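Residue-level structural notes
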Amino acid sequence: MKTGSKPYVLSKGLDRFFAHVYKAYAFVARFFKELFKPPFHIREVVNQSYEIGLKSLALISAGKVGSSIGAELSSMKVTEQIEAMEVSAINPFKYLVVTRVLATTITIPILSLYCIFVGLLGSYINVRAEEATGIISFYTEAFSSVSFLDLYTSLTKSIAYGFTIGMVGCYKGFNASNGTRGVGRAANQSVVLAMFLIFLEEVVIVQVSNWIRLY
């Protein structure tokens, strides 16, 4: 513990780190608390899903879907929506955060399926040009080695990634400060943090999937 006017439990850096961890935990816990409380804003969830999906289609081939969504979500405070909703007695957390996290959790799996379809279509066109293979033969061969476990694993990963991207982007955006400079910093931080968490989730889900495959 540091002596003097600023005592710390562990150290300044560690205390700050654990404070951020607790703040993030409280944010996630609040999300699940608000998730099951009316009103549910279904229309806004649909609108956000449409916005996220439409704006991400052009970026799928570049592999930047997650980063673009995270950056967009983390800039929510630049329009002062939170303050305006508090004045009008609308729960800003419920309307801004819950709807957007639900939208990314729903939309990312759909975008993943679309990405897989585009990839398979491109592969078929290439194989068709080289070997004149029929479409039925191509897809029969392509799916011959795919098991239900592979499908469940891919679906689980896409749902987890969507939730993570939405939660990180909203967390950073909801807590952004210092005007546009703070919003820009929040956008960059959300992209980096989301990519790091997705990497960890990938490792865990793959390991669990391999363990199930062995047994």
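In case you missed it, the structure is sitting above this.
Below you will find a few notes about this structure. (Residues numbered from 1 in each chain as written. Predicted model: local features only at pLDDT ≥ 70, side-chain atom pairs only at ≥ 80, totals over all residues. Heavy atoms only, no water.)

Re the overall build of the protein
In terms of regular secondary structure, the protein is built from 8 helices and 0 strands. Residue burial in the protein is summarised as follows: out of 215 residues, 31% are buried. A separation threshold of at least 6 residues defines the contact pool for the protein, and within that pool the share at least 24 residues apart is 76%. A total of about 13,800 Å² of accessible surface is found on the protein, and carbon and sulfur atoms cover 67% of it. (Helix = DSSP H or I, 4+ residues; strand = E, 2+ residues; numbered from the N terminus. Buried < 20%, exposed > 50% of the residue type's maximum accessible area, 1.4 Å probe, protein only. Contact = heavy atoms within 4.5 Å. Areas by Shrake-Rupley, 256 points an atom, 1.4 Å probe, with all protein chains shown as cover.)

Observations concerning the nonpolar core
Phe-27, Phe-31, Leu-35, Phe-93, Val-97, Val-98, Val-101, Met-167, Cys-170, Tyr-171 and Phe-174 form the largest nonpolar core, which has 11 residues in total. For this core, the secondary structure elements donating two or more residues are helix 1 (12-35), helix 5 (92-131) and helix 7 (148-174). Excluding residues within four positions of it along the chain, Phe-93 makes contact with Phe-27, Arg-30, Phe-31, Glu-34, Val-98 and Phe-174. (Core = buried A, V, L, I, M, F, W, Y, C linked by side-chain atoms within 4.5 Å.)

A closer look at helix 5
For an α-helix, 3.6 residues make a turn, and residues three or four places apart therefore share a direction. Taking 1.5 Å of rise per residue, the 40 residues of helix 5 would be expected to cover 58 Å, and the 57 Å separating its terminal C-alpha atoms lies within 8% of that figure. Sitting at the head of helix 5, Asn-91 places a side-chain oxygen 3.0 Å from the backbone nitrogen of Phe-93. Trailing helix 5 by a residue or two, Ala-132 shows a phi angle of about 55°, which is positive. (Expected span 1.5 Å × (residues − 1). Polar contact = N/O pair within 3.5 Å; in protein donor to acceptor, adjacent residues only side chain to side chain.)

Comments concerning the packing of helix 5 against helix 7
Contact pair helix 5 / helix 7: the axes reach a minimum separation of 8 Å and the direction vectors enclose 150°. On the basis of their axis angle, the class for helix 5 and helix 7 is roughly antiparallel. Two packed elements cross with a definite hand, and for helix 5 against helix 7 that hand is right-handed. Contacts between helix 5 and helix 7 pair Pro-92, Phe-93, Leu-96, Val-97, Arg-100, Val-101, Thr-104, Thr-105, Ile-108, Pro-109 and Ser-112 from the former with Leu-155, Ser-158, Ile-159, Gly-162, Phe-163, Ile-165, Gly-166, Met-167, Cys-170 and Phe-174 from the latter. Split by residue class, the contact of helix 5 with helix 7 holds 14 nonpolar, 6 polar and 1 charged. (Axes fitted to C-alpha atoms, helices over the stretch in contact; angles between N-to-C directions. Parallel < 35°, antiparallel > 145°, perpendicular 65-115°, else oblique. Left-handed = near helix turned anticlockwise from the far one by under 90°. Nonpolar A, V, L, I, M, F, W, Y, C, P; charged D, E, K, R; others polar.)

Overview of the packing of aromatic side chains
For the structure shown, the criterion picks out 10 aromatic pairs. Pairing Phe-31 with Phe-163 gives two aromatic rings, centres 5.7 Å apart and planes at 65°, and the pair type is edge-to-face. With Phe-31 in helix 1 and Phe-163 in helix 7, the pair connects residues that are 132 residues apart, well separated along the chain. With a relative accessible area of 2%, Phe-31 lands in the buried category. Feature note: the residues Phe-27, Phe-93, Tyr-171 and Phe-174 constitute an aromatic cluster, connected by ring pairs. (Phe/Tyr/Trp six-rings, centres within 6.5 Å; stacked < 30°, edge-to-face > 60°.)

Concerning the packing of helix 1 against helix 5
Between helix 1 and helix 5, whose axes approach to 10 Å, the crossing angle comes to 95°. Relative to helix 5, the element helix 1 lies roughly perpendicular. Contacts between helix 1 and helix 5 involve Phe-27, Arg-30, Phe-31, Glu-34 and Leu-35 from the former and Phe-93, Lys-94, Val-97, Val-98, Val-101 and Leu-102 from the latter. The class makeup of the residues in the contact of helix 1 with helix 5 is 8 nonpolar, no polar and 3 charged.

Some details on the pattern of salt bridges
With the rule as written, the count across this model stands at 2 salt bridges. Notably, a salt bridge pairs Arg-213 with Asp-150, separated by 3.0 Å at the nearest N-O pair. Residue Arg-213 is located in helix 8 (residues 179-214), and its partner Asp-150 is located in helix 7; the two are separated by 63 residues in the primary sequence. Take Asp-150: its relative accessible area is 24%, and that puts it in the partly exposed class. The closest approach of N and O atoms between Glu-202 and Lys-157, which form a salt bridge, is 3.4 Å. Of this pair, Glu-202 sits in helix 8 while Lys-157 sits in helix 7, and the two are 45 residues apart along the sequence. With a relative accessible area of 29%, Glu-202 lands in the partly exposed category. (Salt bridge = Lys/Arg side-chain N within 4 Å of Asp/Glu carboxyl O.)

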